[in-house]
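A look at the structure
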Amino acid sequence: MDDSCVFYARALLENITDALTQARLFSGINCTRQNMELNLESRTPTVCSPQGSTCSGITTSAFDQDSCLTDIGKDLSHYYKFLSAQPDPDNLIGSSVLYSLRELMENCFRSSLPTDFNSKEALVERAVTFNERLSLCKVMKGFHVRTVTINRAIGYMNLGEHTS
């Protein structure tokens, strides 16, 4: 991990944070009061815990950078696939969150790029339903929390403390 990856991860976090405040994106929903939905197919918070940290009473004895990078890649790929499949008539997701997510993946996690990554998604020209907005809100909140974890892990790897 280098400084550019720290920058790309930080930009992604800022864009997700901004997107969560967009009233047009979640029209009719108080997104702050909704539960979050996390990607449960990865173990990023566990495998990216710094060496010697204690969480839930378990102390991490060693930091496995390869496992951490693999699981971050799984998360990024999962959220990219979900978000790129969402209707985005106002381009609120594509111009910020998906753009910064692509930047992070292209520059720091190339091995986790979806095979159809370079294809342009056809914009869906239809109204977004309440249930779609609700689902997007919950997933975006989960992605926000996971991106905080990813930022911390990338920062930790960038400092190189796990190698000393």
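That block above? That's the structure.
Below or above, wherever it landed, is the structure these notes cover. Small disclaimer: the values here were computed from a predicted structure and weren't measured.

Procedures and definitions
- Residues numbered from 1 in each chain as written.
- Predicted model: local features only at pLDDT ≥ 70, side-chain atom pairs only at ≥ 80, totals over all residues.
- Heavy atoms only, no water.
- Helix = DSSP H or I, 4+ residues; strand = E, 2+ residues; numbered from the N terminus.
- Buried < 20%, exposed > 50% of the residue type's maximum accessible area, 1.4 Å probe, protein only.
- Polar contact = N/O pair within 3.5 Å; in protein donor to acceptor, adjacent residues only side chain to side chain.
- Salt bridge = Lys/Arg side-chain N within 4 Å of Asp/Glu carboxyl O.
- Phe/Tyr/Trp six-rings, centres within 6.5 Å; stacked < 30°, edge-to-face > 60°.
- Contact = heavy atoms within 4.5 Å.
- Disulfide = S-S within 2.5 Å.

A separate point is the environment of N30. Tracing the sequence through the fold places N30 in the loop between α1 (3–19) and α2 (44–47). With a relative accessible area of 39%, N30 lands in the partly exposed category. Sequence separation of N30 and C137 is 107 residues, and the distance between their C-alpha atoms is 9.1 Å. A distance of 2.6 Å separates the side chain of N30 from the side chain of T32, its partner in a polar contact.

Bringing the pattern of salt bridges into the picture now. If charged atoms from side chains of opposite charge come close, those side chains can pair. Enumeration according to the criterion identifies 4 salt bridges in this entry. Two residues, R24 and D90, come together in a salt bridge whose shortest N-O distance is 3.7 Å. With R24 in the loop between α1 and α2 and D90 in the loop between α3 (65–84) and α4 (94–108), this residue pair connects regions lying 66 residues apart in the sequence. Taking the relative accessible area as the measure of exposure, R24 reaches 54% and is therefore exposed.

Below, the discussion takes up the packing of aromatic side chains. As enumerated under the stated definition, the model contains 3 aromatic pairs in all. Taking the centre distance of 5.6 Å and the plane angle of 65 degrees together, the rings of F7 and Y8 count as edge-to-face. Ring centres of F63 and Y156 lie 5.0 Å apart, and the angle between their planes is 75 degrees; on these two criteria the pair is classed as edge-to-face. Taken together, the residues F63 in the loop between β2 (58–59) and α3 and Y156 in helix α5 (residues 130–159) connect sequence positions 93 residues apart. Across this residue pair, the class does not change: F63 and Y156 are buried.

Here the focus is the side chain of S42. You can see S42 is positioned in the loop between α1 and α2. Using a relative accessible area of 9% as the deciding quantity, one classes S42 as buried. In this structure, S42 is in contact with D71, K74, D75 and R146, ignoring residues within four places of it in sequence.

The next point concerns the state of the cysteines. Throughout the structure, instances matching the rule amount to 3 disulfides. Sulfur-sulfur distance for the disulfide between C5 and C108 comes to 2.1 Å. Note on the C5 and C108 pair: the S-S dihedral is about -110 degrees, so by sign convention the disulfide is left-handed. Here C108 lies in helix α4 and C5 lies in helix α1, a separation of 103 residues in the sequence.

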